[in-house]
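Spelled out, the chains give:
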Amino acid sequence: MSAVSASEKVDGFTRKSVRKAQRQQRRSQGSSQFRSQGSLPELCELPRLTDASSTEQQELFTQKLQQCCTLFDDFDSVSDLKSKEIKRAALSELVEYMSSCRGVLVESIYPDIIIMISTNIFRTLPPSENPDFDPEEDEPTLEASWPHIQLVYDFFLRFLENPDFQSSIAKRYIEQKFVLQLLELFDSEDPREREFLKTILHRIYGKFLGLRAFIRKHINNIFLRFIYETDHFNGIAELLEILGSIINGFALPLKAEHKQFLLKVLIPMHTAKGLTLFHAQLAYCVVQFLEKDSTLSEPVIRGLLKFWPKTCSQKEVMFLGEIEEVLDVIEPTQFKKIEEPLFKQIGKCVANPHFQVAERALYFWNNEYILSLIEENIENILPIMFGSLYRISKEHWNPTIVALVYSVLKTMMEMNSILFDELTSSYKAERQREMKKEQEREELWKKLDDLQIKKALGAQSNSHGLQNLHSNTNTNNSNEGDGSVPSPSEAEPKLISTQ
Amino acid sequence: MAGADGDDSLYPIAVLIDELRNEDVQLRLNSIKKLSTIALALGVERTRTELLPFLTDTIYDEDEVLLALAEQLGNFTMLVGGPEYVHCLLPPLESLATVEETVVRDKAVESLRKISHEHSPVDLEVHFEPLVKRLASGDWFTSRTSACGLFSVCYPRVSSTVKAEIRQHFRTLCSDDTPMVRRAAASKLGEFAKVLELEYVKSDIISLFTALASDEQDSVRLLAVEACVSIATLLPQEDLESLVMPTLRQAAEDKSWRVRYMVADKFSELQKAVGPEITKNDLVPAFQNLLKDCEAEVRAAAANKVKEFCENLPEDSKETIIMTHILPCVKELVSDTNQHVKSALASVIMGLSTILGKDNTIEHLLPLFLAQLKDECPEVRLNIISNLDCVNEVIGIRQLSQSLLPAIVELAEDAKWRVRLAIIEYMPLLAGQLGVEFFDEKLNSLCMAWLVDHVYAIREAATCNLMKLVEKFGAEWAQNTIVPKVLGMANDPNYLHRMTTLFCINALSEACGQDITTKHMLPVVLKMSNDQVANVRFNVAKSLQKIGPVLDSNALQTEVKPVLEKLATDQDMDVKYFAQEAMSVLALA
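Residues numbered from 1 in each chain as written. Chains lettered and ligands numbered in written order. Predicted model: local features only at pLDDT ≥ 70, side-chain atom pairs only at ≥ 80, totals over all residues. Heavy atoms only, no water.

The name given to chain B in an unreviewed UniProt entry is Protein phosphatase 2, regulatory subunit A, beta b, with the source organism recorded as Paramormyrops kingsleyae. What UniProt records for chain B under Sequence similarities (unreviewed entry) is the sentence "Belongs to the phosphatase 2A regulatory subunit A family." (UniProt positions renumbered as here; feature names shortened; annotations may be inferred.)

Draft legend 1. View of the overall build of chain B. Across its full length, chain B carries 34 helices and zero strands. The dimensions of chain B, computed from C-alpha atoms along their principal axes, are 90 × 80 × 35 Å. The buried share of chain B, reckoned over its 589 residues, is 60%. Once local pairs closer than 6 in sequence are excluded, the contacts in chain B between residues at least 24 apart make up 68%. (Helix = DSSP H or I, 4+ residues; strand = E, 2+ residues; numbered from the N terminus. Buried < 20%, exposed > 50% of the residue type's maximum accessible area, 1.4 Å probe, protein only. Contact = heavy atoms within 4.5 Å.)

Draft legend 2. Structural detail: the overall build of chain A. Within chain A one finds 21 helices and two strands. For chain A, with 499 residues in total, the buried portion stands at 47%.

Draft legend 3. Focus on helix 16 (residues 332–350) of chain A. All names here are of chain A. Between its terminal C-alpha atoms helix 16 stretches only 23 Å, short of the 27 Å expected from 19 residues at 1.5 Å a residue. Helix geometry: helix 16 is bent most strongly at Glu-339, by close to 60 degrees, with proline Pro-341 lying one to four residues after it. Looking only at helix 16, the buried set comprises Gln-334, Phe-335, Ile-338, Glu-339, Leu-342, Phe-343, Gln-345, Ile-346, Gly-347, Cys-349 and Val-350. (Expected span 1.5 Å × (residues − 1). Bend = angle between axes of the 7 residues up to and from the residue.)

Draft legend 4. Layout of the nonpolar core. Formed by 364 residues in total, the largest nonpolar core has its most connected members in A:Phe156, A:Phe223 and B:Leu564. Here this core takes 15 residues from helix 31 (residues 495–528) of chain B, the largest share from any one element. If we skip the residues at most four places from it in the chain, A:Phe223 touches A:Ile236, A:Leu239, A:Leu240, A:Leu243, A:Phe261, A:Val265, A:Leu266 and A:Met269. (Core = buried A, V, L, I, M, F, W, Y, C linked by side-chain atoms within 4.5 Å.)

Draft legend 5. Inspection of the packing of helix 15 (residues 313–328) of chain A against helix 18 (residues 368–376) of chain A at higher detail. Residue and element names in this part refer to chain A. Viewed as axis vectors pointing N to C, helix 15 and helix 18 meet at an angle of 75 degrees, and their least axial separation amounts to 9 Å. The orientation of helix 15 with respect to helix 18, classified from their angle, is roughly perpendicular. Of the residues in helix 18, those touching helix 15 at Glu-324, Leu-327 and Asp-328 are Tyr-369, Ile-370 and Leu-373. Taken together, the residues of the contact of helix 15 with helix 18 sort by class into four nonpolar, no polar and two charged. (Axes fitted to C-alpha atoms, helices over the stretch in contact; angles between N-to-C directions. Parallel < 35°, antiparallel > 145°, perpendicular 65-115°, else oblique. Nonpolar A, V, L, I, M, F, W, Y, C, P; charged D, E, K, R; others polar.)

Draft legend 6. Molecular detail of the UniProt feature "domain: Phosphatase 2A Regulatory Subunit A helical" (unreviewed entry) in chain B. Residues annotated in UniProt with the feature "domain: Phosphatase 2A Regulatory Subunit A helical" (unreviewed entry) correspond here to residues 89–270 of chain B. In the segment residues 89–270 of chain B, helix accounts for 79% and strand for 0%; the C-alpha atoms at its two ends are 39 Å apart.

Draft legend 7. Highlighting the packing of helix 22 (residues 339–349) of chain B against helix 23 (residues 352–373) of chain B. Residues and elements named next belong to chain B. Interhelical geometry of helix 22 versus helix 23 gives an angle of 145 degrees and a closest axis separation of 12 Å. In terms of crossing hand, the pair formed by helix 22 and helix 23 is left-handed. Of the residues in helix 23, those in contact with Lys-342, Leu-345, Ala-346, Val-348 and Ile-349 of helix 22 are Leu-352, Ser-353, Leu-368, Phe-369 and Gln-372. (Left-handed = near helix turned anticlockwise from the far one by under 90°.)

Draft legend 8. Structural context of the side chain of A:Glu339. Residue and element names in this part refer to chain A. Relative to the helices and strands, Glu-339 resides in helix 16. Lacking a salt bridge, the buried Glu-339 has Lys-336 as its closest oppositely charged neighbour, with an N-O distance of 5.9 Å. Apart from the residues lying within four places of it in its own chain, the contact partners of Glu-339 are Asn-377, Asn-380, Ile-381 and Ile-384. (Lys, Arg positive; Asp, Glu negative; His and termini not counted. Salt bridge = Lys/Arg side-chain N within 4 Å of Asp/Glu carboxyl O.)

Draft legend 9. Structural context of the confidence of the model for chain A. Residues and elements named next belong to chain A. Scored by pLDDT, chain A has a mean of 80; 80% of the residues are at 70 or more. Note that residues 1–37 has pLDDT below 50 and, in this model, 80 contacts with residues that lie over four places away or in other chains. Segment residues 461–499 is flagged for pLDDT under 50; beyond a separation of four residues in sequence, or across chains, it makes 55 contacts in the model. (pLDDT = per-residue confidence, 0-100.)

Draft legend 10. Representation of the packing of aromatic side chains within the structure. Summed over the entire model, instances satisfying the criterion amount to 34 aromatic pairs over all chains. With 5.3 Å between their ring centres and 70 degrees between their planes, A:Trp308 and A:Phe319 make a pair best called edge-to-face. With a gap of 11 residues between them, A:Trp308 in the loop between helix 14 (297–306) and helix 15 and A:Phe319 in helix 15 connect regions that are remote in the sequence. The exposure class of A:Trp308 is buried, given its relative accessible area of 5%. Accessibility expressed as a relative area gives 1% for A:Phe319, which makes it buried. Consider the rings of B:Phe267 and B:Phe309, whose centres lie 5.4 Å apart with planes at 65 degrees: the pair is edge-to-face. (Phe/Tyr/Trp six-rings, centres within 6.5 Å; stacked < 30°, edge-to-face > 60°.)

Draft legend 11. Spotlight on the confidence of the model for chain B. All names here are of chain B. Summing up the model confidence of chain B, the mean pLDDT is 86 and the portion of residues at 70 or higher is 95%. Within chain B, helix 9 (residues 141–148) carries the highest mean pLDDT (94), whereas helix 1 (residues 11–20) carries the lowest (68). Scored below 50 in pLDDT, residues 1–7 makes seven contacts in the model with residues more than four places away or belonging to other chains. Two summary scores accompany this predicted model of the complex, namely pTM at 0.77 and ipTM at 0.76.

Draft legend 12. Here's a closer look at the pattern of salt bridges. Residue and element names in this part refer to chain B. Throughout the structure, instances matching the rule amount to 54 salt bridges over all chains. Across the salt bridge formed by Asp-218 and Arg-258, the nearest N and O atoms sit 2.9 Å from each other. With Asp-218 in helix 14 (residues 218–234) and Arg-258 in helix 17 (residues 257–265), this pair connects stretches of sequence that are 40 residues apart. Classification of Arg-258 as partly exposed rests on a relative accessible area of 28%.

Draft legend 13. Spatial organisation of unusual backbone geometry. Residues and elements named next belong to chain A. Cis geometry is found at the peptide bond from Leu-252 to Pro-253, where omega equals -10 degrees. Relative to the assigned elements, Pro-253 resides in the loop between helix 11 (236–248) and helix 12 (256–266). At Asp-231, a position not held by glycine, the phi torsion is positive, near 60 degrees. Note on Asp-231: relative accessible area 32%, which makes it partly exposed.

Draft legend 14. Broad picture of the environment of A:Val152. Residues and elements named next belong to chain A. Here Val-152 is to be found in helix 6 (residues 146–161). For the pair Val-152 and Gly-244, spaced 92 residues apart in sequence, the C-alpha separation works out to 27 Å. With residues up to four places along the chain from it excluded, the contact list for Val-152 reads Leu-91, Met-116, Ile-117, Asn-120 and Ile-121.

Draft legend 15. Focus on the state of the cysteines. Residues and elements named next belong to chain B. If you walk through the whole model with that rule in mind, you get zero disulfides over all chains. Just so you know, Cys-504 is unpaired, no disulfide at all, and the nearest cysteine sulfur is the one on Cys-512, 10 Å from it. We classify Cys-504 as buried; its relative accessible area is 1%. (Disulfide = S-S within 2.5 Å.)

Draft legend 16. Fine view of the environment of A:Met413. Within the secondary structure layout, A:Met413 lies in helix 20 (residues 399–415). For A:Met413 and A:Leu382, which are 31 residues apart along the polypeptide, the C-alpha to C-alpha distance reads 8.9 Å.

Here is the structure:
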């Protein structure tokens, strides 16, 4: 047999990390933009800008910009080495020139600059090397053309930050289509590129007032597509970071458009699979909104409750963290409006068998402000929470949680001991009532089913189509078994029972 | 009928309302799933006047509940009183068609499409079409997206004035501000084109198609490629060149690989839609380019279509085109840098041999097959081996056997059990073609090794494989080569291997016949009834039941019966059960 480990033979599909290590993966990615069209003209070195006389400088500047529009196959690391080096040198000289020299930004140079930038950075991003790319675990694929592109981005940034920069001229070239292409690039897998894009987009948002609404609208579209269509976009965190500061600058009262963005885009974003990657930025945006307008806390909390994770404990912990941040800035009147549904959810979290979820929820009682809100409303909150807490104090497997629950119960008992005693004494009766209700419900349904049969019999003569009324149960017992694993112990391998 | 049950008829709605307000989502979900029960209990009239308004007004719930509701309402026509009243279902479905969650919306649209057919033409204009219009001019993108799926179902059955309105609405949505809506419109363009009159296809659809195909977003452009197939099928041949081809050519060279991928993926459909002349002049060079594309994804999609494309080429020039234009590209793909491309090619390349015939196959294709058989990636090799039968038909397997063998041996030990499984399934075919001698020499040991594989599925397949081999090579061969090895495993220290002996006997007894079974197999089975592992013992009972019909009555009475009687008193209940079952089946009880 070949040199394959036994565990691999059994399972066939080994752990992801192992599989990845085995694969000879190319680490960097050629951009899809480059398509070899025969041989490229070789670049020839131009004189240095600093060596040229001031009259020639402008002409040379233009020439260098044009020279830098030549693209190379950066995946092929041996071809055109000389030309690539000339381009790199020219680009770094341009960066230097843009940041140190004054008065170089004359009106006629703007189109050349924008053409150079667009030619280099705007490209269709290549398909991902790794279709099940997990940003938390995997190394990102890096952009092969980075040595050049980095300088282009740097140049772009210095161009925008140049004291002579005039947005009134630039807006003819940096227009909607340009911004749209820039936004598409945020999907780049290379974090270095996204970092540059973030700063650049932020500058553009600051300098081009006419583009602001357009930028917001398209970020909106990217987010909606991410939530409802693709579930994949690499630059969500960066876009949210920009939005955080944009929201900060919103004028009061908030426009309907902005509120809609919060409730119909930001809140549904919590459903994303990769929430971990951008939750901090997302929560920051949400809290920014609430600090602007406290009446939004009710719909925000209701929204979070609607999208509360059902199975992912890690996400639940994040949701609880965000709820705490929201509660930190909530007004007591708003709190009253959501206390009931909110504490029902917190009650479920406290009773969660995953101790991190339970623990995170119980930490709310360490927060002074939340504690004061609870105290003010103890007559409503205690009855909601009591059942879960009481049960957990007896049942939870984790001793830390039990200890925490006891201290929470004690805190609440101190807030209203009369109510606490009442609830303790009625706990059992309450339980029984619930069970009885459950039984009643079952009986009702049974009765209803009987009724249906009676009706169906009666209706047969009326030839009603009833075939599809009986909900068909879907038994999905697909056996994908790998079979049994040989057991070294001979004594008790009784795997199969009566078939 | 309704109300006739007196008291009984009052509580269904109360139950439902109570349950729909329950805190537990699962209970709400259950009650929605039984909505038809409730409607039936209520009768058609109360369903219309009470249940539906209640659902329309009070439902704000989890998406999972809404999804169930959207699905239920699509089957509700009879429950509201038949086609005459089907429009009562529109209000709740309309609001479901505007929710954010895509699956809910899609389900609502699906149900709307379903019940649209149950509307009379008048109802369609009075109730359904206004709904489509409202959705199409909704504020939030969700309702406009939903509207896109509804135009084609009502268009054919409304008056020409209303038709003009529908066309106008569709036009508006094709240039909607939101890319999501444009994507929805683009994906329904082909479907809509099919229900339009030809003059409007030419005047309206073509301009929309051209616009969508040059949209700023590649996700919209690629959907236009899909529509291209339907549109090209609708138009007369003479209009294709001027109306469709410029756009298609542009798509095949789009700067976004996603669009090119789509062209490659739809290539066979496009080929059929545009006909032989355009295929010869335009599609052949386009296909060559796709096979040489700079993105592996596109090359892989194109490679997948090689066989189909070649098959559908016009007869008169088929061979010339393949030999001069396609084959050179295929040759390059064999040594592609990307394994998915090679694997895609390997899955179809064998199909070319039937198109090209024996001589061309030996001269041009065989070297390619052999190269792929030696490929470093197991998937590529597996794809070649899985399609051997097509080449076999053309040139016979002897030609391949020399190079085939090393590849098979290697795949037989592949780390992935599914690969091993695929190879096992090819064994009987290979054995039949290579003959006994060759098999004994080269492949027999492999087949036996699989019997002790770590994965049950492989052991099971190996057992089944042995049976097929015995059917091919006969009982004598089995007695000499297989049976001794199989029976030897009965003494293996691992109980799983001992059980494999039993499974093999189950499979082989019939093919081997009474003589071998009685003389060689039966003693081993009987001996194993003393095994210390219960699983082995009850499998002995099962085996005896299985091989019983092959034995003569003497052996049954004198040898099998006592053993089964003993097992029937075993301390393990499963052993008892199977022993008793065997006795009753064999009529020994």
